[in-house]
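Residue-level structure breakdown
For reference, the chains in residue letters:
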Amino acid sequence: MERESGIKKQNWDVKETEVFLEVLKELDMRKCLDGRKVRNTRLFRVAPEGFRRSVDRLKVRWKLLKSAYYKGKRDSDLAPVKVQGWWRYEETMVAIMESGHALASGPDRATEATEDSDSSVVNWPQPAPQDPSVQNLDLVVGPPLIIKADPEMDGQLKVGFIGAGNMAFGIAKGILAGNVPASCVTVGAPSSRNLGRFQEMGVAVTHSNVDVVCRSDVVFVAVKPHLVPPVLAEIAGRVTERHVLVSVAAGVTLETLEELLPEHAVVVRLMPNLPCLVQEGALLYCRGSRAKTEDGALLRSLLGRCGLVEEGPEAWIDVHTGLSGSGVAFVYLFAEALAEGALKMGMPSSLAHSIAAQTVLGAGRLLRDSGKHPAQLRSEVCTPGGTTVFGLHALERGGVRAAAMTAVEAATERAKELGRGSSSGSRK
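On a predicted model such as this, the values are computed, not experimentally measured, just so you know.

**Examining the overall build of the protein**
Within the protein one finds 17 helices and 13 strands. Within the protein, the fraction of its 428 residues that count as buried is 40%. Here the analysis covers contacts within the protein between residues at least 6 apart in sequence; of these, 72% occur between residues at least 24 apart. Surface accessibility of the protein: about 22,500 Å² in total, with carbon and sulfur atoms responsible for 56%.

**A closer look at the packing of aromatic side chains**
Enumeration over the complete set of coordinates arrives at two aromatic pairs. Centre to centre, the rings of Phe161 and Phe220 are 4.9 Å apart; their planes meet at 10 degrees, and the pair counts as stacked. Note that Phe161 is positioned in strand β6 (residues 159–162) and Phe220 in strand β9 (residues 218–221), a separation of 59 residues in sequence. Among the residues examined, Phe161 registers a relative accessible area of 0% and is labelled buried. Relative to Phe198, the ring of Phe169 lies with its centre 5.4 Å away and its plane at 85 degrees, an arrangement referred to as edge-to-face. Linking Phe169 in helix α6 (residues 166–177) with Phe198 in helix α7 (residues 196–200), this pair joins segments that are 29 residues apart in sequence.

**Observations regarding helix α11 (residues 293–303)**
Among the residues of α11, Asp295, Gly296, Leu298, Leu299, Leu302 and Leu303 are the ones counted as buried. For α11, the angular spread of the buried residues around the axis is 160 degrees, confining them to a single face.

**Concerning the sheet that holds strand β11 (residues 266–271)**
With mixed pairing, the eight strands of this open sheet are ordered in space as β8-β7-β6-β9-β10-β11-β12-β13. Among the strands making up the open sheet, the edge pair consists of β8 (204–206) and β13 (307–311). Between one strand axis and the next, the sheet turns through 20 degrees on average, direction left out of account. Bridge analysis of strand β12 (residues 281–287) against β13 gives five bridges, and the strand direction is parallel. Following the sheet pairing, Gly281 is matched in β13 by Gly307. α11 contacts β6, β9, β10 (244–247), β11, β12 and β13 of the sheet and is inclined by roughly 165 degrees relative to β12.

**A few points about the pattern of salt bridges**
Here the structure, examined in full by the defined rule, presents 11 salt bridges. Among the salt bridges present, the one from Glu280 reaches Arg368, with a minimum N-O distance of 3.1 Å. Here Glu280 is found in the loop between β11 and β12, whereas its partner Arg368 is found in helix α14 (residues 349–370), with 88 residues between them in sequence. Close ionic contact of Asp369 with Arg368 constitutes a salt bridge, the shortest N to O distance being 2.9 Å. Arg368 shares its class with Asp369; the two are exposed. Taken together, the salt bridges that share partners define one network made up of Arg269, Glu314 and Asp318.

**Focus on a nonpolar patch on the surface**
Taken together, the side chains of Phe334, Leu338, Leu395 and Val400 present a nonpolar region at the surface, about 280 Å² in accessible area. Mapped onto the fold, Leu338 is located in helix α13 (residues 327–344).

**Topic: the packing of helix α12 (residues 315–325) against α13**
Following both chains from N to C, one finds α12 and α13 inclined at 20 degrees, their axes separated by 4 Å at the closest point. Our classification of the angle between α12 and α13 gives roughly parallel. Only Gly327, Val328 and Phe330 of α13 make contact with α12, whose side of the interface consists of Thr321, Gly322, Leu323, Ser324 and Gly325. Per-class residue counts for the contact of α12 with α13 are three nonpolar, five polar and no charged.

**Here we look at unusual backbone geometry**
Residues other than glycine predominantly adopt negative phi, and peptide bonds predominantly adopt the trans conformation. One non-glycine residue with positive phi stands out, namely Gln279, at about 60 degrees. As for its position among the elements, Gln279 is in the loop between β11 and β12. Classification of Gln279 by relative accessible area gives partly exposed; the value is 31%.

**Quick look at the side chain of Asn273**
Locating Asn273 in the fold gives a position in the loop between β11 and β12. At 2.9 Å, the side chain of Asn273 forms a polar contact with the backbone nitrogen of Ala282. When residues no more than four places from it in sequence are discounted, the contact partners of Asn273 are Met167, Gly281, Ala282, Ser324, Gly325 and Val328.

**Here's the deal with the pairing of β10**
On a regular strand, one side chain projects to one face of the sheet and the next to the other, so that they alternate. On β10, burial covers both faces: Val244 and Val246 on one face and Leu245 and Ser247 on the other are all buried. Bridge count for β9 against β10 is four bridges, and the pairing is parallel. Within β10, the position partnered with Phe220 by the bridge is Val246. In this sheet, β11 lies alongside β10 in parallel orientation, the contact comprising four bridges. If you follow Ser247 over to β11, its bridge partner there is Arg269. Read as a crossover between parallel neighbours, the route from β10 over helix α10 (residues 254–259) to β11 is right-handed.

How each quantity is defined
Residues numbered from 1 in each chain as written. Predicted model: local features only at pLDDT ≥ 70, side-chain atom pairs only at ≥ 80, totals over all residues. Heavy atoms only, no water. Helix = DSSP H or I, 4+ residues; strand = E, 2+ residues; numbered from the N terminus. Buried < 20%, exposed > 50% of the residue type's maximum accessible area, 1.4 Å probe, protein only. Contact = heavy atoms within 4.5 Å. Areas by Shrake-Rupley, 256 points an atom, 1.4 Å probe, with all protein chains shown as cover. Phe/Tyr/Trp six-rings, centres within 6.5 Å; stacked < 30°, edge-to-face > 60°. Arc of directions from axis to C-beta. Pairing = 2+ DSSP bridges. Axes fitted to C-alpha atoms, helices over the stretch in contact; angles between N-to-C directions. Salt bridge = Lys/Arg side-chain N within 4 Å of Asp/Glu carboxyl O. Patch = residues over 30% accessible without salt bridge, like charges linked within 9 Å, V, L, I, M, F, W, Y side chains within 5 Å. Parallel < 35°, antiparallel > 145°, perpendicular 65-115°, else oblique. Nonpolar A, V, L, I, M, F, W, Y, C, P; charged D, E, K, R; others polar. Polar contact = N/O pair within 3.5 Å; in protein donor to acceptor, adjacent residues only side chain to side chain. Right-handed = clockwise from strand over helix to strand, strands pointing away.

Laid out in structure tokens, this is it:
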């Protein structure tokens, strides 16, 4: 790879790229449907001898080819700038991206299945002998390459929601603010009560959970914890290896989720919070035993517009519930108390609540953006003998610090209790 005049260049083996696309074209379309929907299946087994390529280079190559295709659709003059020699690949790319039916059946996979393979693995053909004068590029012997749809590059990723409450609505708003079009989102709920606001955003709605799964690649299970077992029992038969199931149910563990789903199911546990509604959420997720790093990366990319998105061990999820999921309500209580204090001192109620809300917003933004410890910012507000230190003394005397810590602890313990209840319920 080289840079020239600020432009990053990649040197591609033309023949290798042509074969690469032919292999993609001949994929088992019963699994992948068509080239636009290459996502959760292992596609290319890297042979011990042969074409000179690495996993990362193939990933980048596929993304650039897709980008060139989409730009070429919009403006035919742009594609050759993105990929020089585009004319060599254009015909095959059009066949891949615009096919809507099976092109060919894959090879017999019964004889090549391994622990790391699945029914969508396609072997590369053996290449012709290479000219020894040709420079040898990276040759990697390793696991099959997994190519997933990236929302930044491929608008065909399908997202579904089982449940139409506030969490689903907030996450959906964030996803739609990114590069996932409304036509690629489906929301399901048994009642029409909450579906109207989703319809206003242009997404499809249904009363069938099975329909949501069949239409989607990433499925958010956004129902109350006690409803998770019956919902998963209903959809389990339709969950395939291409799906990523994301549970936002408080307290329902990965172990419980995986027990309720087929062995091949890819599961992620996510804990968002209410400010996702305004794309200022704090979201923490953990991956199940069969979820790969790229599944987490895909989820992070999807949720990027919802707010702060972080990954951590499952033990942190319940803590996050107490800190941020329930913590939002604690902040509202404090804001309410601030406004009532101003009301007591003679300020009109509406003005007091507006100023309290702005105070919480401004303080939170400064805390986040400055990177300073809360104690440091607090000390910067205080002056010797001033109003703030007197007010803080009153708060400490009232036990506000201990009360806040106890509130987070209580909410965390309750989340753990819900998890133990869901786990025992799934085994009955």
